[in-house]
Structure formats: C-alpha cells, structure tokens
Amino acid sequence: MEQSKLLKSGEFLITEIESKDIFIPEEFNEEQKMIAQTCQDFLDTEVYPNADKVDKQDRELMKSMC
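Residues numbered from 1 in each chain as written. Predicted model: local features only at pLDDT ≥ 70, side-chain atom pairs only at ≥ 80, totals over all residues. Heavy atoms only, no water.

**Some thoughts on a nonpolar patch on the surface**
Line of reasoning, step 1. A surface patch of nonpolar side chains, about 380 Å² in accessible area, is lined by Phe12, Leu13 and Ile14.
Line of reasoning, step 2. Within the fold, isoleucine 14 resides in the segment before α1 (30-47).
Line of reasoning, step 3. Taking relative accessible area as the criterion, isoleucine 14 reaches 76% and is therefore assigned exposed. (Patch = residues over 30% accessible without salt bridge, like charges linked within 9 Å, V, L, I, M, F, W, Y side chains within 5 Å. Areas by Shrake-Rupley, 256 points an atom, 1.4 Å probe, with all protein chains shown as cover. Salt bridge = Lys/Arg side-chain N within 4 Å of Asp/Glu carboxyl O. Helix = DSSP H or I, 4+ residues; strand = E, 2+ residues; numbered from the N terminus. Buried < 20%, exposed > 50% of the residue type's maximum accessible area, 1.4 Å probe, protein only.)

Okay, structure coming up:
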C-alpha cells in the first residue's frame, strides 16, 4: 500500500504532486457534504451572531455553548 506525503498549507503550490492527491470540495462525497453543511449551519447560528462576545472571550457564552 502506497502512502502519500501529507502536505502542509500551500506546499502543494511548490511541490510536485499527482492530481489524485489533491482534496477539493468539488469531489466531496455525500457524507462529506453533510458534515460541511453541519459545520456551516453551526457557524451561521451559533458563532457569527456571537462574534463580538467570542472575541471578548465572554465566559458566560462559553459556558452556555457546552
């Protein structure tokens, strides 16, 4: 079994790699799409509306999210 090297950040821009080793959203399977949508929903409903409180490290907000 061949293992591919894990690339960091934008390393794929300067390292020669095969196209099959690039992971892009357009090739997500249904499960990956559902996980991405769940994450987006969480950001939209819980994080973005409270961005100021998160930035100020509001302890009460953090307790209520657990």
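**So, unusual backbone geometry**
Line of reasoning, step 1. Unusually for a residue other than glycine, serine 9 sits at a positive phi of about 50 degrees.
Line of reasoning, step 2. Here serine 9 lies in the segment before α1.
Line of reasoning, step 3. A residue is classified by how much of its surface remains accessible, and serine 9, at 77% relative accessible area, is exposed.

**What to know about α1**
Line of reasoning, step 1. With 18 residues, α1 extends 25 Å between its outermost C-alpha atoms, agreeing within 8% with the 26 Å of an ideal straight helix rising 1.5 Å per residue.
Line of reasoning, step 2. Its side-chain oxygen at 3.0 Å from the backbone nitrogen of glutamate 31, asparagine 29 defines the N-terminal cap of α1. (Expected span 1.5 Å × (residues − 1). Polar contact = N/O pair within 3.5 Å; in protein donor to acceptor, adjacent residues only side chain to side chain.)

**Here we look at the environment of proline 49**
Line of reasoning, step 1. Mapped onto the fold, proline 49 is located in the loop between α1 and α2 (51-55).
Line of reasoning, step 2. Take proline 49: its relative accessible area is 54%, and that puts it in the exposed class.
Line of reasoning, step 3. In contact with proline 49, other than residues within four places in its own chain, are Leu43 and Asp44. (Contact = heavy atoms within 4.5 Å.)

**A word on the environment of aspartate 41**
Line of reasoning, step 1. Residue position: aspartate 41 is located in helix α1.
Line of reasoning, step 2. Separated by 2.7 Å, the side chains of aspartate 41 and glutamine 37 make a polar contact.

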